[in-house]
Amino acid sequence: MESVVKRFQAALERLERDHRVSDLVALYAPDARVGNMLEPDTLRGPQGARSFWTLYRRTFGEIRTTFERVIESEGGAALEWMSVGTSPHGLPLRYRGVMILEFKDDRITRSCAYFDSGTLGHQLARGLERAETKELPGGWMPLL
């Protein structure tokens, strides 16, 4: 059977490409904790995973994550990644981080993303500034 980490990577790729969140949600245990460095462990279970990953995807226009290093052990993994994409209004962005996964019985029990929120926030804010000055249509707020 494919490892939880491999299934997570494949499900994230489908979310980013097709906006399909259900594959990621299915990986989470009923009592899982989901979050990032800004709000660690605030969401719970598959419904919390659905909220987290839906908001993540809505934050970007296009986004693609590549995993540069994966350290996996029994019950946990650290995935170092690079994401490249665009803001919802098409401005380029790029950021790096680490995802910590904890798992038991082939289900994720905790996931937490760590990244440079200042760098990402600055890149996303450029899109907001342009939207506010009417360089880009509509308003927009980052949801990460």
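Fair warning: this is a prediction, and the values are worked out from it, not measured in the lab.

Q: Would you mind going over the confidence of the model for the chain in detail, with residue names and values included?
A: When pLDDT is averaged along the chain, the result is 85, and 81% of the positions lie at 70 or above. No element of the chain has a lower mean pLDDT than helix H4 (residues 117–132), at 60, and none a higher one than helix H1 (residues 4–18), at 98. Low pLDDT, under 50, characterises residues 131–144; the predicted model gives this stretch 31 contacts beyond four residues in sequence or across chains.

Q: Could you give an account of the nonpolar core, naming the residues involved and the relevant values?
A: Core analysis: the biggest nonpolar cluster contains 31 residues, and Phe8, Leu24, Tyr28, Trp53, Tyr56, Tyr95 and Met99 have the highest contact counts within it. Secondary-structure elements contributing two or more residues to this core are H1, helix H2 (22–25), strand S1 (28–36), helix H3 (45–58), strand S4 (76–86), strand S5 (92–104) and strand S6 (107–115). At six residues, H1 tops the list of elements feeding residues into this core. Discounting residues that sit within four places of it in the chain, Phe8 has contacts with Leu24, Leu27, Tyr28, Trp53, Phe67, Leu79, Met99, Leu101 and Ile108.

Q: Tell me about the packing of aromatic side chains, and name the residues and values.
A: By the definition in use, this model includes seven aromatic pairs. Note on Tyr95 and Phe115: the rings are 5.7 Å apart at their centroids and 75° apart in plane angle, and the pair reads as edge-to-face. Residue Tyr95 is located in strand S5, and its partner Phe115 is located in strand S6; the two are separated by 20 residues in the primary sequence. For the pair formed by Tyr95 and Phe115, the shared burial category is buried. Clustering of aromatic rings is evident, with ring pairs tying together Phe8, Phe52, Trp53, Tyr56, Phe60, Trp81, Tyr95 and Phe115.

Q: Which residues make up the pairing of S5, and what values go with them?
A: In regular strands, side chains alternate between the two faces of the sheet. Residues Leu93, Tyr95, Gly97, Met99, Leu101 and Phe103 line the buried face of S5, whereas the alternating positions Pro92, Arg94, Arg96, Val98, Ile100, Glu102 and Lys104 sit on a face that is not buried. The turn linking S4 back onto S5 is made up of five residues, and Gly90 within it adopts a positive phi angle of 90°. With eight bridges joining them, S5 and S6 adopt antiparallel strand pairing. In the strand pairing of S6, Leu101 is matched with Ser111.

About the criteria used
- Residues numbered from 1 in each chain as written.
- Predicted model: local features only at pLDDT ≥ 70, side-chain atom pairs only at ≥ 80, totals over all residues.
- Heavy atoms only, no water.
- pLDDT = per-residue confidence, 0-100.
- Helix = DSSP H or I, 4+ residues; strand = E, 2+ residues; numbered from the N terminus.
- Contact = heavy atoms within 4.5 Å.
- Core = buried A, V, L, I, M, F, W, Y, C linked by side-chain atoms within 4.5 Å.
- Buried < 20%, exposed > 50% of the residue type's maximum accessible area, 1.4 Å probe, protein only.
- Phe/Tyr/Trp six-rings, centres within 6.5 Å; stacked < 30°, edge-to-face > 60°.
- Pairing = 2+ DSSP bridges.

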